[in-house]
Amino acid sequence: TIESKLIYMSLLRKYEIMILLTEEFNDSELKTWVFNYAKTLRKFSVCDISVISRGKHNLAYSIDEKLKGNYIQLNFSSMPKY
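Rules behind the numbers
Residues numbered from 1 in each chain as written. Predicted model: local features only at pLDDT ≥ 70, side-chain atom pairs only at ≥ 80, totals over all residues. Heavy atoms only, no water. Helix = DSSP H or I, 4+ residues; strand = E, 2+ residues; numbered from the N terminus. Buried < 20%, exposed > 50% of the residue type's maximum accessible area, 1.4 Å probe, protein only. Contact = heavy atoms within 4.5 Å. Phe/Tyr/Trp six-rings, centres within 6.5 Å; stacked < 30°, edge-to-face > 60°.

With that out of the way, let us pick up the environment of Gly-69. When you line up the elements, Gly-69 lands in strand 3 (residues 66-78). Taking the relative accessible area as the measure of exposure, Gly-69 reaches 1% and is therefore buried. Setting aside anything within four residues of it in sequence, one finds Gly-69 in contact with Leu-20, Leu-21, Glu-23, Gly-55, Lys-56, His-57 and Leu-59.

Below you can see the structure in the form of C-alpha coordinates.
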(Lines give C-alpha, C1' and ligand atoms only; values in the text may rest on other atoms or scores of the structure.)
Protein backbone atom coordinates (compact mmCIF):
# COMPACT_ATOMS: atom_id res chain seq x y z
CA THR A 1 0.00 0.00 0.00
CA ILE A 2 0.97 3.63 -0.31
CA GLU A 3 1.06 4.05 3.46
CA SER A 4 3.55 1.22 3.97
CA LYS A 5 5.73 2.58 1.16
CA LEU A 6 5.75 6.04 2.80
CA ILE A 7 6.72 4.51 6.15
CA TYR A 8 9.53 2.54 4.48
CA MET A 9 10.80 5.65 2.68
CA SER A 10 10.78 7.66 5.91
CA LEU A 11 13.04 5.03 7.54
CA LEU A 12 15.65 5.18 4.77
CA ARG A 13 18.87 7.00 5.57
CA LYS A 14 21.06 8.77 3.02
CA TYR A 15 24.75 7.92 2.82
CA GLU A 16 27.72 9.26 0.88
CA ILE A 17 31.01 7.51 0.14
CA MET A 18 34.05 9.16 -1.41
CA ILE A 19 36.29 6.60 -3.11
CA LEU A 20 39.84 7.33 -4.19
CA LEU A 21 41.28 5.15 -6.96
CA THR A 22 44.74 5.37 -8.49
CA GLU A 23 45.17 7.57 -11.53
CA GLU A 24 46.16 4.57 -13.67
CA PHE A 25 42.47 3.66 -14.15
CA ASN A 26 41.16 4.76 -17.55
CA ASP A 27 37.52 5.83 -18.02
CA SER A 28 36.36 2.37 -19.05
CA GLU A 29 38.05 0.72 -16.06
CA LEU A 30 36.57 3.33 -13.70
CA LYS A 31 33.06 2.72 -15.03
CA THR A 32 33.49 -1.05 -14.68
CA TRP A 33 34.84 -0.74 -11.13
CA VAL A 34 32.03 1.60 -10.04
CA PHE A 35 29.36 -0.56 -11.71
CA ASN A 36 30.61 -3.65 -9.86
CA TYR A 37 30.79 -1.73 -6.56
CA ALA A 38 27.20 -0.51 -7.03
CA LYS A 39 26.11 -4.09 -7.81
CA THR A 40 27.67 -5.20 -4.53
CA LEU A 41 25.86 -2.43 -2.65
CA ARG A 42 22.54 -3.62 -4.06
CA LYS A 43 23.08 -6.97 -2.30
CA PHE A 44 22.70 -5.03 0.96
CA SER A 45 19.28 -3.59 0.00
CA VAL A 46 20.76 -0.25 -1.02
CA CYS A 47 18.65 1.92 -3.33
CA ASP A 48 18.80 5.31 -5.07
CA ILE A 49 22.46 4.89 -6.01
CA SER A 50 24.01 7.83 -7.80
CA VAL A 51 27.61 8.09 -8.98
CA ILE A 52 29.49 11.34 -9.45
CA SER A 53 32.97 11.31 -10.93
CA ARG A 54 34.94 14.13 -9.33
CA GLY A 55 37.87 13.64 -11.72
CA LYS A 56 41.60 13.35 -11.16
CA HIS A 57 43.09 15.58 -8.49
CA ASN A 58 46.40 16.03 -6.75
CA LEU A 59 46.58 14.38 -3.35
CA ALA A 60 47.44 16.49 -0.29
CA TYR A 61 50.24 13.98 0.38
CA SER A 62 51.57 10.95 -1.44
CA ILE A 63 50.00 7.54 -0.85
CA ASP A 64 52.18 4.61 -1.92
CA GLU A 65 54.25 7.14 -3.87
CA LYS A 66 51.17 8.26 -5.86
CA LEU A 67 50.52 11.99 -6.18
CA LYS A 68 47.16 11.94 -8.04
CA GLY A 69 43.96 9.98 -7.76
CA ASN A 70 40.50 9.53 -9.27
CA TYR A 71 37.78 10.72 -6.91
CA ILE A 72 34.41 8.95 -7.15
CA GLN A 73 31.43 9.98 -5.03
CA LEU A 74 28.63 7.47 -4.37
CA ASN A 75 25.33 8.55 -2.82
CA PHE A 76 22.69 6.02 -1.82
CA SER A 77 19.85 5.25 0.57
CA SER A 78 19.53 2.29 2.89
CA MET A 79 17.78 1.08 6.00
CA PRO A 80 20.05 1.45 9.05
CA LYS A 81 21.12 -1.88 10.55
CA TYR A 82 21.42 -1.31 14.28
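Following the sequence through the fold, Asp-27 ends up in helix 2 (residues 27-42). A residue is classified by how much of its surface remains accessible, and Asp-27, at 59% relative accessible area, is exposed. In this structure, the C-alpha to C-alpha distance between Asp-27 and Asn-70, residues 43 residues apart in sequence, is 10.0 Å.

Counting across every chain of the model gives two aromatic pairs. Where Tyr-15 meets Phe-76, the ring centres are 5.6 Å apart and the plane angle is 25°; that geometry is what we call stacked. Here Tyr-15 is found in strand 1 (residues 13-22), whereas its partner Phe-76 is found in strand 3, with 61 residues between them in sequence. The buried category is assigned to Phe-76, whose relative accessible area is 10%. Ring geometry for Trp-33 and Tyr-37: centres 5.1 Å apart, planes at 15°, overall stacked. Taken together, the positions of Trp-33 and Tyr-37, both in helix 2 and four residues apart, correspond to about one turn of that helix. Look at Tyr-37 and you get partly exposed, because its relative accessible area is 29%.

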